[in-house]
Amino acid sequence: MTPIDLNADLGEGFGRWRLTDDAGLLSVVTSANVACGFHAGDPATMRRVCALAAERGVTIGAQVSYRDLAGFGRRSMDVPPAELTAEVAYQIGALEVFARAAGTRVAYVKPHGALYNRVVRDEEQAAAVVDGVLLAGGALPVLGLPGSRVLERADRAGLPVVPEAFADRAYTDEGTLVPRGQEGALVADPGAVVERAVGLARSGTVTARSGARVEVRARSLCVHGDTPGAVELARRVRERLEAAGVRVEAFA
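Here the structure is a predicted model, which means the values were calculated and not measured.

Visitor: When you look at the overall build of the protein chain in this model, what are you seeing that I'm missing?
Guide: Along the backbone of the protein chain there are 8 helices and 11 strands. The C-alpha atoms of the protein chain give a radius of gyration of 17 Å, which matches the 18 Å a tight globule of 252 residues would have. Per-residue burial for the protein chain yields a buried fraction of 55% across its 252 residues. By sequence separation, contacts in the protein chain at least 24 residues apart represent 71% of the contacts at least 6 residues apart. Summed over all atoms, the accessible surface of the protein chain reaches about 10,500 Å², with 50% contributed by carbon and sulfur.

Now the structure itself:
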């Protein structure tokens, strides 16, 4: 059975405000998607999370976003490709400083929120994100939705691609995520989230909102850090995966 990575969005605070329980989640997950200051995060937060991740052996990834602190990066924006490329590279570079200071490195890149969903289908924005990863230097893996334009573009550019699934999000029959603004977009029942995680890891399928079974082959599972009770939920997911014989380990 293919190993599965367990990732979470971390460092999602700003100044005195903190949204995610970074220390708690870093005791469970294998990869940390660290906010780089555009949708959340600031230099002190990035430094703190990188130090904690390095101490606990958790892989660090740059979670890049549209420049949208007020909207938490969940508002769609029309950013010119050249500007988006520069902003993606800027965010990766900023996090890399703190990762290196902690004795580790940025090991992958994951778009956040509106940008994540936009590059599923938008070829131009997907190309801009990949160009930003290349501009930052190195062959960093790109984490994204299976079949998305950004993974196709990254693969063509010679970057490793890592398909990702969400146990706590509803899926369409096409294998894309139900938009957050629609009813039923989030799976709230912890038991259901745990069972969906095991199904995704073992069979590569999930039940869509319509009731249809959808193929979602993934190497990494995301547990949202801003979900109430996220640490306990992540712990239950990991324990259940390991009990089912699934090896939980970072992909990078």
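That was the structure; now back to the text.
Visitor: How do you make sense of helix α2 (residues 43-56) when you look at a structure like this?
Guide: Every α-helix carries 3.6 residues per turn, so stepping three or four residues along brings you back to the same face. End to end, α2 covers 20 Å across 14 residues, agreeing with the expected 20 Å (1.5 Å per residue, within 8%). Within α2, burial applies to T45, M46, V49, C50, L52 and A53. In a view along the axis of α2, the buried residues occupy a sector of 165°, so they form one face of it. Turned more than 90 degrees from where α2 packs its buried face, P43, A44, R47 and E55 sit exposed. Where α2 is buried, its residues contact β1 (5-10), α1 (22-25), β4 (31-35), β5 (59-64) and α3 (81-101). Where α2 ends, the next residue or the one after it, G57, has phi of about 70°, a positive value.

Visitor: Can you help me understand a nonpolar patch on the surface in this one?
Guide: Together, F14, W17, L19 and L69 give the surface a local cluster of nonpolar side chains, amounting to about 370 Å² of exposed area. Looking at where F14 falls in the secondary structure, it is placed in strand β2 (residues 13-14). Accessibility expressed as a relative area gives 42% for F14, which makes it partly exposed.

Visitor: Would you explain the environment of I92 in this entry?
Guide: Along the chain, the position of I92 falls in helix α3. For I92, a relative accessible area of 4% puts it in the buried group. Between the alpha carbons of I92 and G137 there is a distance of 9.5 Å; along the sequence they are 45 residues apart. In this view, I92 contacts A62, V64, V106, V109, G132, V133, A136 and L140; residues no more than four positions away in its chain are not counted.

Visitor: Where do I start with the nonpolar core in this structure?
Guide: Here is a general trend for soluble globular proteins: nonpolar side chains tend to be buried in one another's company. By size, the foremost hydrophobic cluster in this structure holds 75 residues, and its most contacted members are I92, L95 and L241. Contact partners of L241, with chain neighbours within four places excluded, come to I4, A197, V198, A201, L221, V246 and V248. A107, Y108, L143 and F251 belong to the second largest nonpolar core, which has 5 residues in total.

Visitor: What is the right way to look at the environment of E249 in this model?
Guide: Its location among the elements puts E249 in the segment after α8 (230-243). Classification of E249 by relative accessible area gives partly exposed; the value is 30%. As a C-alpha pair, E249 and V119 span 130 residues in sequence and 26 Å in three-dimensional space. Each residue touching E249, except ones within four places of it in the same chain, is listed here: P3, I4, D5, T30 and R219. Looking at E249, its side chain comes within polar contact range of the side chain of R247, at 3.1 Å.

Visitor: How should the pairing of β5 be read in this particular structure?
Guide: Burial of β5 is extensive: 6 of the 6 residues sit out of reach of the surface. The alternating pattern of β5 places T59, G61 and Q63 on one face and I60, A62 and V64 on the opposite face, and all of these are buried. Inspection of the sheet shows β4 paired to β5 by 5 bridges, in the parallel sense. Bridge pairing in β5 places S31 opposite T59. Considered for its hand, the β-α-β crossover made up of β4, α2 and β5 is right-handed. By the bridge criterion, 5 bridges tie β5 to strand β6 (residues 106-111) in an arrangement that is parallel. The residue bridging V64 from the neighbouring strand is P111, located in β6. The handedness of the β5 to β6 crossover, carried by α3, is right-handed.

How each quantity is defined
- Residues numbered from 1 in each chain as written.
- Predicted model: local features only at pLDDT ≥ 70, side-chain atom pairs only at ≥ 80, totals over all residues.
- Heavy atoms only, no water.
- Helix = DSSP H or I, 4+ residues; strand = E, 2+ residues; numbered from the N terminus.
- Rg over C-alpha atoms; globule rule 2.2 N^0.38 Å.
- Buried < 20%, exposed > 50% of the residue type's maximum accessible area, 1.4 Å probe, protein only.
- Contact = heavy atoms within 4.5 Å.
- Areas by Shrake-Rupley, 256 points an atom, 1.4 Å probe, with all protein chains shown as cover.
- Expected span 1.5 Å × (residues − 1).
- Arc of directions from axis to C-beta.
- Patch = residues over 30% accessible without salt bridge, like charges linked within 9 Å, V, L, I, M, F, W, Y side chains within 5 Å.
- Salt bridge = Lys/Arg side-chain N within 4 Å of Asp/Glu carboxyl O.
- Core = buried A, V, L, I, M, F, W, Y, C linked by side-chain atoms within 4.5 Å.
- Polar contact = N/O pair within 3.5 Å; in protein donor to acceptor, adjacent residues only side chain to side chain.
- Pairing = 2+ DSSP bridges.
- Right-handed = clockwise from strand over helix to strand, strands pointing away.

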